[in-house]
Amino acid sequence: MSALLEVKDLSVSFETRGGVVRAVDGLSFSLGAGESLGIVGESGSGKTVSSLSILRLFGLFDDVSVSGKILFEGRDLLRVSEAELSRIRGGKIGMVFQDPLTSLNPVMPVGEQVAESIRFHTGASRPQAHRRAVEMLDRVGIPDANKRCEELPHSFSGGMRQRVMVAIALACEPKLLIADEPTTALDVTVQAQVLLLLDELRREMGIALIMITHDFGVVAATADRVLVMYAAQPMEHCSIHHLFQRANHPYTEGLLRLVPRFEHQVHGRLHPIEGQPPALTEEIVGCPFAPRCSFTLDRCKQERPPLFRIGPDHESACWLAAERAERETLPDKPWKAV
Amino acid sequence: MPYRVVASERRVGSPPIRRRLQGLLEKRGWWLFALFLSLMAAWAIFPGVFAPYDANYLNPRNRLISPGGASPEGSHIAGTDGLGVDLFSQMVEGARLTLMIAVVATLLGAAIGVTVGMLAGYFGGVVDRMLMRLGEAQTAMPMFLVAILLLSLLGPSVTILIIVLPTLVWPIFARVVRAETLQIKQATYIEAAVATGCPTSVVLYRHVLPNVVPRILVLFVVEIGHVMLAEAGLSFLGVGVQPPDITWGLLIAEGRPLLTVAWWLTILPGVLLSVTVLSLNILSRRFEQYAGAAA
Amino acid sequence: MNSPKPAPFAYGQIDERPEEDPGVDSSAPLEEGDRDTPVLLLEDLVVRFKSMEGIPITAVDRVSLRINRRETVGLVGETGCGKSTLARAALKLVPFQEGHVTLLGHDLAGLRNTELRSLRRRCQMIFQDPRGSLNPRMTVGRIIGEPLRVHGIGERREQAEAVREMMDLVGLPDELYARRPVQLSGGQQQRVGIARALITRPALVICDEPVSALDVSIRAQILNLLADLRDSLDVSFLFIAHDLAVVRHLSDRVAVMYLGRIVEEGPVGEIFAQPRHPYSQGLVAAILRADGFARQRLGQVRRLAAGDLPSLLNPPEGCRYQSRCPYALDDPCRKTPPPDFVDSSSGVSRLVACHRWEEIASDSLDSAVLGADGTEPDISIYAPPQGDPKDSVEPENRAGE
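Visitor: Give me the overall build of chain B: which residues, what numbers.
Guide: Check the secondary structure of chain B and you find eleven helices and two strands. Listing every helix and strand of chain B by position from the N terminus yields α-α-α-β-β-α-α-α-α-α-α-α-α. Considering chain B as a whole, with its 295 residues, one finds that 49% of them fall into the buried category. Taking the intrachain contacts of chain B between residues at least 6 apart in sequence as the baseline, contacts between residues at least 24 apart amount to 70%.

Visitor: Which residues make up the sheet that holds strand β1 (residues 40-50) of chain C, and what values go with them?
Guide: Residues and elements named next belong to chain C. The strand order across the open sheet formed by four strands is β2-β1-β4-β5, and the pairing between neighbours is antiparallel. Each of the sheet's edge strands pairs with one partner strand only, and the pair in question is β2 (56-67) and β5 (106-107). Taken together, the eight bridges between β1 and β2 define a ladder with antiparallel strand orientation. If you follow Lys50 over to β2, its bridge partner there is Pro56. Those strands touched by helix α1 (residues 83-90) are β1, β2 and β4 (98-103), and its axis lies near 115° from that of β1.

Visitor: Any chance you could break down the nonpolar core for me, citing the residues and the numbers?
Guide: Membership of the largest hydrophobic core comes to 160 residues, with the highest contact counts inside it found for Val114, Leu137, Val164 and Phe216 of chain A together with Ile144, Ile194 and Phe239 of chain C. For Leu137 of chain A, the contacting residues outside a window of four places in its chain are Val110, Gly111, Val114, Ile142, Ala145, Cys149, Val164 and Ala167 of chain A. By size, the runner-up hydrophobic cluster in this structure holds 70 residues, among which are Ala193, Ile216 and Val277 of chain B together with Val150 of chain C.

Visitor: Explain the pattern of salt bridges to me, using residue names and the numbers behind them.
Guide: All names here are of chain A. Counted according to the given criterion, the structure contains 39 salt bridges over all chains. The partner of Glu181 in a salt bridge is Lys47, with the nearest N and O atoms 3.6 Å apart. Here Glu181 is found in the loop between β7 (176-180) and α8 (188-205), whereas its partner Lys47 is found in helix α1 (residues 47-54), with 134 residues between them in sequence. Accessibility classification places Glu181 together with Lys47 in one group, the buried group.

Visitor: Break down the domain arrangement of chain A for me, with residues and values.
Guide: Size of an interface, as often reported, equals the accessible area lost when the parts are brought together. All names here are of chain A. Under the domain assignment, chain A is made up of domain 1 (5-223) and domain 2 (230-325). Here the C-alpha centroids of domain 1 and domain 2 sit 28 Å apart. Counting from both sides, the interface comprises 19 residues of domain 1 and, opposite them, 20 residues of domain 2. Taking both sides of the interface into account, the surface hidden between domain 1 and domain 2 amounts to around 1,600 Å²; carbon and sulfur atoms contribute 59%. If you sort the residues of domain 1 by the area they bury against domain 2, Arg22, Glu42 and Phe216 come out on top, with a joint share of 40%. In this structure, Arg304 and Asp25 form a salt bridge, with 3.4 Å as the shortest nitrogen-oxygen distance.

Visitor: Please give an account of the side chain of Ser51 of chain A that cites residues and values.
Guide: All names here are of chain A. Structurally, Ser51 is set in helix α1. For Ser51, a relative accessible area of 2% puts it in the buried group. A distance of 2.7 Å separates the side chain of Ser51 from the backbone oxygen of Thr48, its partner in a polar contact. Excluding residues within four positions of it along the chain, Ser51 makes contact with Ile178 and Ile212.

Visitor: Can you lay out the confidence of the model for chain B for me, pointing to particular residues and giving the numbers?
Guide: Residue and element names in this part refer to chain B. Chain-level statistics for chain B give a pLDDT mean of 81 and a share of 89% at 70 or above. Considering only residues more than four positions removed or in separate chains, one finds that residues 1-14, a stretch of pLDDT under 50, has 43 contacts. At the level of chain-chain contacts, confidence expressed as ipTM amounts to 0.80, with global pTM at 0.78.

Visitor: Quick one: what's the story with the packing of aromatic side chains, residue by residue and with numbers?
Guide: Scanning all chains against the criterion turns up ten aromatic pairs over all chains. Judged by centre distance (4.5 Å) and plane angle (50°), the ring pair of Tyr230 of chain A and Tyr251 of chain A falls under tilted. Placement of Tyr230 of chain A in strand β9 (residues 225-230) and of Tyr251 of chain A in helix α11 (residues 250-257) is noted, with a sequence separation of 21 residues between them. Taken as a pair, Tyr230 of chain A and Tyr251 of chain A share a single burial class, namely buried. Taken together, Tyr230, Tyr251 and Phe289 of chain A form an aromatic cluster joined through their ring pairs. The lysine or arginine in question, Arg87 of chain A, covers the ring of Phe120 of chain A, its NZ or CZ lying 5.0 Å from the ring centre. Over the ring of Tyr177 of chain C we find Arg164 of chain C; its NZ or CZ atom is 4.0 Å from the centre of that ring.

Visitor: Got a sec to walk through the packing of helix α5 (residues 186-198) of chain C against helix α6 (residues 216-232) of chain C? Specific residues and values, please.
Guide: When two helices pack together, you describe them by how their axes are tilted relative to each other and by the distance separating the axes. Residues and elements named next belong to chain C. Contact pair α5 / α6: the axes reach a minimum separation of 10 Å and the direction vectors enclose 20°. The pairing of α5 with α6 is recorded here as roughly parallel in orientation. Viewed along their axes, α5 and α6 form a crossing whose handedness is right-handed. Residue-level inspection shows Gly187, Gln190, Arg191, Ile194 and Leu198 of α5 in contact with α6, the latter providing Ile218, Gln221, Ile222, Leu225, Leu226 and Leu229. Of the residues belonging to the contact of α5 with α6, the class tally is seven nonpolar, three polar and one charged.

Visitor: A description of a nonpolar patch on the surface should follow, citing residues and the corresponding values.
Guide: Taken together, the side chains of Leu149, Leu150, Leu153 and Leu154 of chain B present a nonpolar region at the surface, about 410 Å² in accessible area. Considering the arrangement of structural elements, one finds Leu150 of chain B in helix α6 (residues 143-154).

Visitor: Please provide a residue-by-residue account of α6 of chain B, values included.
Guide: All names here are of chain B. For α6, spanning twelve residues, the distance from its first C-alpha to its last is 16 Å, which sits close to the expected 16 Å at 1.5 Å a residue. For α6, every residue scored as buried is listed here: Met143, Ala147 and Leu151. Looking straight down α6, one finds its buried side chains confined to an arc of 75°; they lie on one side. Relative to its buried face, α6 has exposed residues pointing more than 90 degrees away, namely Leu145, Leu149 and Leu153.

Visitor: Outline the environment of Gly74 of chain C, supporting the account with residue identities and numerical values.
Guide: Residue and element names in this part refer to chain C. Within the secondary structure, Gly74 is located in strand β3 (residues 72-76). Between the C-alpha atoms of Gly74 and Val247, which are 173 residues apart in sequence, the distance is 5.7 Å. Once residues within four sequence positions are removed from consideration, Gly74 is found in contact with Phe239, Val247, Ser251, Arg253, Val254 and Ala255.

Visitor: Explain the sheet that holds strand β2 (residues 19-31) of chain A to me, using residue names and the numbers behind them.
Guide: Whenever strands of a sheet pair, they do so through backbone hydrogen bonds, lying parallel or antiparallel. All names here are of chain A. One open sheet holds the four strands; their spatial order is β2-β1-β4-β5, and the pairing between them is antiparallel. The open sheet has two edge strands with one neighbour each: β2 and β5 (75-76). Here strand β4 (residues 63-72) runs beside β5; their pairing, made up of two bridges, is antiparallel. Looking at the pairing, Leu71 lines up with Asp76 of β5. In the packing of α1 onto the sheet, the strands contacted are β1 (5-16), β2 and β4, and the crossing angle to β1 comes to about 115°.

Visitor: Describe the packing of helix α5 (residues 125-140) of chain B against helix α7 (residues 158-186) of chain B, listing the residues and the values that go with them.
Guide: Residues and elements named next belong to chain B. At their nearest, the axes of α5 and α7 sit 9 Å apart, and the two run at 140° to each other. Accordingly, the angle class assigned to the pair α5 and α7 is oblique. For α5 against α7, the interelement crossing comes out left-handed. Residue-level inspection shows Asp128, Leu131, Met132, Leu134, Gly135, Gln138 and Thr139 of α5 in contact with α7, the latter providing Thr167, Trp170, Pro171, Ala174, Arg175 and Arg178. Here the residues of the contact of α5 with α7 are counted per class, giving six nonpolar, four polar and three charged.

Visitor: Can you lay out the confidence of the model for chain A for me, pointing to particular residues and giving the numbers?
Guide: Per-residue pLDDT for chain A averages 83, and the proportion of residues at 70 or more is 91%. In the predicted structure, residues 328-338 of chain A sits below a pLDDT of 50 and forms 18 contacts with residues beyond four places in sequence or in another chain.

Visitor: Please give an account of the pairing of strand β6 (residues 123-126) of chain C that cites residues and values.
Guide: Residue and element names in this part refer to chain C. Because side chains alternate across β6, one face comprises the buried residues Cys123 and Met125, and the other comprises Gln124 and Ile126, equally buried. Where β6 lies against strand β7 (residues 204-208), four bridges are found, and the strand directions are parallel. The partner of Gln124 across the bridge, within β7, is Val205.

The rules behind each value
- Residues numbered from 1 in each chain as written.
- Chains lettered and ligands numbered in written order.
- Predicted model: local features only at pLDDT ≥ 70, side-chain atom pairs only at ≥ 80, totals over all residues.
- Heavy atoms only, no water.
- Helix = DSSP H or I, 4+ residues; strand = E, 2+ residues; numbered from the N terminus.
- Buried < 20%, exposed > 50% of the residue type's maximum accessible area, 1.4 Å probe, protein only.
- Contact = heavy atoms within 4.5 Å.
- Pairing = 2+ DSSP bridges.
- Axes fitted to C-alpha atoms, helices over the stretch in contact; angles between N-to-C directions.
- Core = buried A, V, L, I, M, F, W, Y, C linked by side-chain atoms within 4.5 Å.
- Salt bridge = Lys/Arg side-chain N within 4 Å of Asp/Glu carboxyl O.
- Domains from an automatic or database assignment.
- Buried area = accessible area lost by both parts, 1.4 Å probe.
- Polar contact = N/O pair within 3.5 Å; in protein donor to acceptor, adjacent residues only side chain to side chain.
- pLDDT = per-residue confidence, 0-100.
- Phe/Tyr/Trp six-rings, centres within 6.5 Å; stacked < 30°, edge-to-face > 60°.
- Lys NZ or Arg CZ within 6 Å of the ring centre and 35° of its normal.
- Parallel < 35°, antiparallel > 145°, perpendicular 65-115°, else oblique.
- Left-handed = near helix turned anticlockwise from the far one by under 90°.
- Nonpolar A, V, L, I, M, F, W, Y, C, P; charged D, E, K, R; others polar.
- Patch = residues over 30% accessible without salt bridge, like charges linked within 9 Å, V, L, I, M, F, W, Y side chains within 5 Å.
- Areas by Shrake-Rupley, 256 points an atom, 1.4 Å probe, with all protein chains shown as cover.
- Expected span 1.5 Å × (residues − 1).
- Arc of directions from axis to C-beta.

Next comes the structure, spelled out in structure tokens:
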């Protein structure tokens, strides 16, 4: 089965005043049609850059070096022409960003903004596109879509604006939707609604999803698989159930301990991961998490661990996992029983 | 959303050549202008070191020697004027008053403008409206003409000039500082200062002012240039500095009747004035970059 | 400062501190009342604004709240519910129109400006944006020492000493003393903010979303620090958050705010285990927990907190929550605002501002489904989208093999 999107050994670095920043370092994953992948990491982990690389959006940076391959439906997006790429952006690949206010044109009625994208990508006529826009706005849960499509973005609440963004992203029936922290700026109850909406529409329309977030809760609600990133490198890659039941990488475990769990008593202490993530301008030798890890081996400080395959649907970049990866071949180990 | 086309496996997106050229003067050549300004400052402080002749010594026999020529007393790199005074020595001598008037007047203007702008921006409301209307009224009036009027009424003198010139620039400082203060006022650290119990004077002096200083510095440098030009204009019109004091503006004015026979008398001080103002502008851009990088 | 030297700056356990409060000297000639005096008492507080178009907005509507000594109260609500305004009105950073604010036994309405300033010394604030709340032109040492200078506490040398001691207490390495805020990480910046708030030994610290701008792993460090400080210092916290999960670790009591009103208030355990108000139930359900039941719980939010927050410009009539409430009736919910009902069924008294709270409370279905009491939710009530969640990864969805 050929994957919809295949990212192979992607590395991205920027040249800044402070030196060369490695934003993504050796990332590989693949995504089948209709599948959803959550990319989780803290700020500076490279999760956003890796998703923007898929669309070659490097807006703010002058000197970017990219290597690797990003195969979308078999074509390398790093090599297609700009014209072709602009048909793919918003057409076959939709995007939803964190801040719905700055992503919308403040002086254009929202209906028109949805319709514009439809006309550009499908060549529909003005009235056709308008009808489709209203239909999409209705579908994302904007009440009175027929009337409200004439209004400007500022008269919408944050949640409604993000719904409009979802409508724009899905209007052309893309194959892949990239959502970059789509609910971080929203209130908790509204966040829940938007996540649910994204998940439902995606399933209905058979769209693959890359959900970029810092929050395992968001992943739990929307993703089938998870890729955990730290300091520009992939740490763990597994299905959502592996994640909650037998997370392998110490970093993943550390993060999971911080997700609210109600088994803890009310005033329970949290168990933070001590220390700071490394600066991306530093040369990292060995495992980037080693300085904060409580299981550090000598090897961790010297050699970067590759992503070990430790079970079906489960990879982990940890030297501790290496041992388990060998044992995995033995029968009757618990992680075989999926 | 702006983006840059990127091809894989090679470095991309170096800035276009045009932008590089534009930035070259400020990025690479700025120190030349800084050096020039230091030289001007040195002229102003130690004219005796640089001037080959006494700027008040006149010898009609040496009239109108063109630049590079020589008299029995020696060479005249910038020529001599209609009275046989060495022009270069006059330019060196003129630097003192020219710079002094410009700096002092701009300082005064900045002091008024910063105070007004900060009060207007921080308190808003009636204070703001009154102070800013005052500034606007002044901007709407042809201040240069008012300055001419005042100077002709009060009689031209350096002191009066230093009092009149700041009125030209304070509204500019006030507007910039007010805008900046409005923005800083929104910052959480101002709220934090108030919540801590800082009296308003402390908030303004310790928290608002240090954060507007970078902008004031940039503006200050530019405005010195403007004030310098204004002074030259007034002196040119005869209501500014009076002989035997010398400023560059006055030199230009004195050379004007002889423009057809002795071009250097107007052109050389003019060039000096222009290059000084240009240097100030370029240096202010440089400051601005630093201020931007620090913030 | 001609008064006797201020007491040493060192913090100790409450019982090690002298009985009479040492914090008040010549710069703060205010009595603070005895230990039973609440640190903060809000009575029927009303704060009104004018919107940009000049329309009056009631941001805080008849809110009463009490914070006792050494107590931590969580104030939870979403954007625009008035929680930040409430906190600022409590320190008179924004003016209030009606009601009373009593800080450490002083009615704010009767205070002169200088008195208010010296009272602020005992009531500090920690802000949401750690970087924005620090003056970029000051060094860390100066920022933390600023309250001491403003209130004229101690000599210069003592101030510097106090600052270093404080830095140690909040876990800032000494070498950061002369750095500027931009050179610090987000977590360190927030530690500076905390140090600045605590250096005057306040009785009340208002934390306005102190961790919501931080990364998850840093967030936990800061929450633990705040918990330690709460346990070891004689200080009350008002802890503001938009997310119930954060409040859980720190608060003794929680007040849930919606559109300018407190809709529910009670001990933190009770609120989490059995939220009474439909909105609190929605908030509890909206906590994103990392397990296989996330989707089902989010479905609950859609039922309990449908749609968007109404605008404060045009708040719903009757109960403020009626436009989103699944239980709302035309009468009385859409007609009369609910009074504060007292629920003492669990032995502790809680306040619920809901006409139908008793009916909802007896409807045991909700809390079971929410799984809020520590048990896993009974998902059989709601048909899960794809059978048993353990099997929800269909084979064809597996990674490209």
